Amino acid sequence: MENLKSKMKRIQKRDKMPAADTIVQAVRIAAGSGAAMFAASALNLEFAASAGMVTLLTILTTKWETLKLSAARIITFFMAVLLCWIIFTQVKNEGAAFGVFVFFLILASEWIGWRVTASVNAVIGTHFLAVRDFSFSFIMNEFLIILLGITIAVIVNLFQNNNLQRNKIIANMRYTEGAFQNILNELSWYLLHSENREGQKEGTGADAVWEKLELLTKDLDDFIQQARVYYNNTFQPHTSYYGRYFEMREKQCEALHNLHYEMEKIKQVPRQAAVIAEYIHYLSRHVTEMNDPENQLKRLEQLSNDMKKEELPKTREEFESRAVLYHILMDLEDFLNYKRQFVERIDDTQFQIYWKKEVEDFSSPSNI
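Just so you know, these numbers come straight off a predicted model, no measurement behind them. (Residues numbered from 1 in each chain as written. Predicted model: local features only at pLDDT ≥ 70, side-chain atom pairs only at ≥ 80, totals over all residues. Heavy atoms only, no water.)

## What about the overall build of the chain?
Part 1: Within the chain, the regular secondary structure consists of 13 helices and zero strands.
Part 2: When its helices and strands are written in sequence order, the chain yields α-α-α-α-α-α-α-α-α-α-α-α-α.
Part 3: Within the chain, counting contacts between residues at least 6 apart in sequence, those at least 24 apart form 79% of the total.
Part 4: Carbon and sulfur atoms form 59% of the exposed surface of the chain, whose accessible area is close to 19,400 Å². (Helix = DSSP H or I, 4+ residues; strand = E, 2+ residues; numbered from the N terminus. Contact = heavy atoms within 4.5 Å. Areas by Shrake-Rupley, 256 points an atom, 1.4 Å probe, with all protein chains shown as cover.)

## A few points about the packing of aromatic side chains
Part 1: Under the definition given, this model contains 20 aromatic pairs.
Part 2: Pairing Phe47 with Phe138 gives two aromatic rings, centres 6.4 Å apart and planes at 80°, and the pair type is edge-to-face. Of this pair, Phe47 sits in the loop between α1 (4-42) and α2 (49-58) while Phe138 sits in helix α6 (residues 136-157), placing them 91 residues apart in sequence.
Part 3: What makes Phe138 buried here is its relative accessible area of 3%.
Part 4: Taking 5.1 Å as the distance between ring centres and 80° as the angle between the ring planes, the aromatic pair formed by Phe103 and Phe104 counts as edge-to-face.
Part 5: Phe103 sits in the partly exposed class, given a relative accessible area of 48%.
Part 6: Classification of Phe104 as partly exposed rests on a relative accessible area of 39%. (Phe/Tyr/Trp six-rings, centres within 6.5 Å; stacked < 30°, edge-to-face > 60°. Buried < 20%, exposed > 50% of the residue type's maximum accessible area, 1.4 Å probe, protein only.)

## A word on the pattern of salt bridges
Part 1: For the coordinates displayed, the defined rule picks out seven salt bridges.
Part 2: A salt bridge links Arg115 to Glu110, with the nearest nitrogen and oxygen atoms 2.9 Å apart.
Part 3: Taking the shortest distance from any N to any O, the salt bridge between Glu177 and Arg174 comes out at 3.0 Å. Of this pair, Glu177 and Arg174 both sit in helix α7 (residues 162-192), three residues apart, roughly one helical turn. (Salt bridge = Lys/Arg side-chain N within 4 Å of Asp/Glu carboxyl O.)

## Some points on the UniProt feature "transmembrane region" (unreviewed entry) in the chain
Part 1: In this numbering, the UniProt entry assigns the feature "transmembrane region" (unreviewed entry) to residues 35-59, 71-88, 95-114 and 134-159.
Part 2: As annotated, residues 71-88 has a helix share of 100% and a strand share of 0%, and its two end C-alpha atoms lie 26 Å apart. (UniProt positions renumbered as here; feature names shortened; annotations may be inferred.)

## Let's talk about the nonpolar core
Part 1: In this structure, Leu191, Phe246, Leu256, Ile276, Ile328, Leu332 and Trp355 are the most contacted members of the largest nonpolar core, which totals 54 residues.
Part 2: If you list the elements that add at least two residues to this core, you get α7, α8 (206-234), α9 (240-263), α10 (273-284), α11 (294-308), α12 (316-344) and α13 (348-354).
Part 3: For this core, the element with the most residues is α9, which contributes 10 residues.
Part 4: Ranked by size, the runner-up nonpolar core spans 33 residues in total, among them Ala36, Phe128, Leu148 and Ala153. (Core = buried A, V, L, I, M, F, W, Y, C linked by side-chain atoms within 4.5 Å.)

## Things to note about a nonpolar patch on the surface
Part 1: A contiguous nonpolar surface patch, about 470 Å² in accessible area, is contributed by Ile75, Trp111, Ile112 and Trp114.
Part 2: Of note, Trp114 is situated in the loop between α4 (94-112) and α5 (118-131).
Part 3: Note on Trp114: relative accessible area 31%, which makes it partly exposed. (Patch = residues over 30% accessible without salt bridge, like charges linked within 9 Å, V, L, I, M, F, W, Y side chains within 5 Å.)

## Here's the deal with the packing of α2 against α6
Part 1: Packing of α2 against α6 leaves a shortest axis separation of 8 Å and a crossing angle of 45°. Between α2 and α6, the crossing angle belongs to the class labelled oblique. The handedness of the crossing between α2 and α6 is right-handed. Contacts between α2 and α6 involve Ser50, Ala51, Val54, Thr55 and Thr58 from the former and Ile145, Ile146, Gly149, Ile150, Ile152 and Ala153 from the latter.
Part 2: Broken down by class, the residue content of the contact of α2 with α6 amounts to seven nonpolar, four polar and no charged. (Axes fitted to C-alpha atoms, helices over the stretch in contact; angles between N-to-C directions. Parallel < 35°, antiparallel > 145°, perpendicular 65-115°, else oblique. Left-handed = near helix turned anticlockwise from the far one by under 90°. Nonpolar A, V, L, I, M, F, W, Y, C, P; charged D, E, K, R; others polar.)

## Topic: the environment of His281
Part 1: Within the fold, His281 resides in helix α10.
Part 2: The exposure class of His281 is partly exposed, given its relative accessible area of 35%.
Part 3: Through-space distance from the C-alpha of His281 to that of Asn182 is 9.7 Å; in sequence the pair is 99 residues apart.
Part 4: Among residues more than four places away in sequence, those in contact with His281 are Asn185 and Ser188.
Part 5: Here Asn185 takes part through its side chain, which lies 2.7 Å from a polar atom of the side chain of His281. (Polar contact = N/O pair within 3.5 Å; in protein donor to acceptor, adjacent residues only side chain to side chain.)

Next comes the structure, spelled out in structure tokens:
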């Protein structure tokens, strides 16, 4: 069982990592914004400081997102210039003119699905409003500010510590497997002691299991997001492996939610519960990354067939409890099938990169 002290250490360690990432991101954005402003000043561009603002607003979490946003900024720049020319040449009051411009800018950005570009285009709009100059030279001045800002943003985002991100993801995978092992052990214990819920020691009852399942679900949401960031920073299709791994574990977590819900329905623990509890404990020892669960599914099928050969229940309570056990077997089957589906979707490249160390271990019944 995870005691309070170890739990607090794990939470503190997890909370430190985003802070370090934030500092690194702040340094990258500050350096990029300063470089963009310096480059714009060196080219004698008007409103050179805005190039740094463009860089700041363009650098996102991943390389791919930055590239997409950069393309959108260039495309919508010309839309913003057209709006400036139409509105600022007709409306003389600065406050009214800018308000009307922002109104139509937001509407147009929403309509084409690129509202995220509105902030930079609004900055460009203030330049046109200040000078009311729509000559080719000034339009080129503003275009170069945009181009410099997004170019520096793209360059800065090329420098990503992908190895560090990958190490964090692998650590998260090991943590997830350990959490599943712990929860399965508790579910095995809980199934055997379902009749004695009042006498269960603190930290071993239904509430404790629910708490750990909820915590793991929240952690998996974070891990999925981190895996997607890593995928979008590498431009390598095979790195989608990590995101699919955590999505698979998230589905397995839901299966354990259902399984635990079924256990709470048991009023009288039938004799067969001990066999299922032993099987759950067997699974808890073998939740690992790189093995096909085919052998575990076969063992589960044999367990189900053996239960069907058992003597029919004699009382209503025994019948209801036996029915719950069958539902638990179905949840265990779902748990294993999610892993099998994950394995079946691994392509040849991913197999060679992520599973090559275990290629001769597929026949082992010891891992899921």
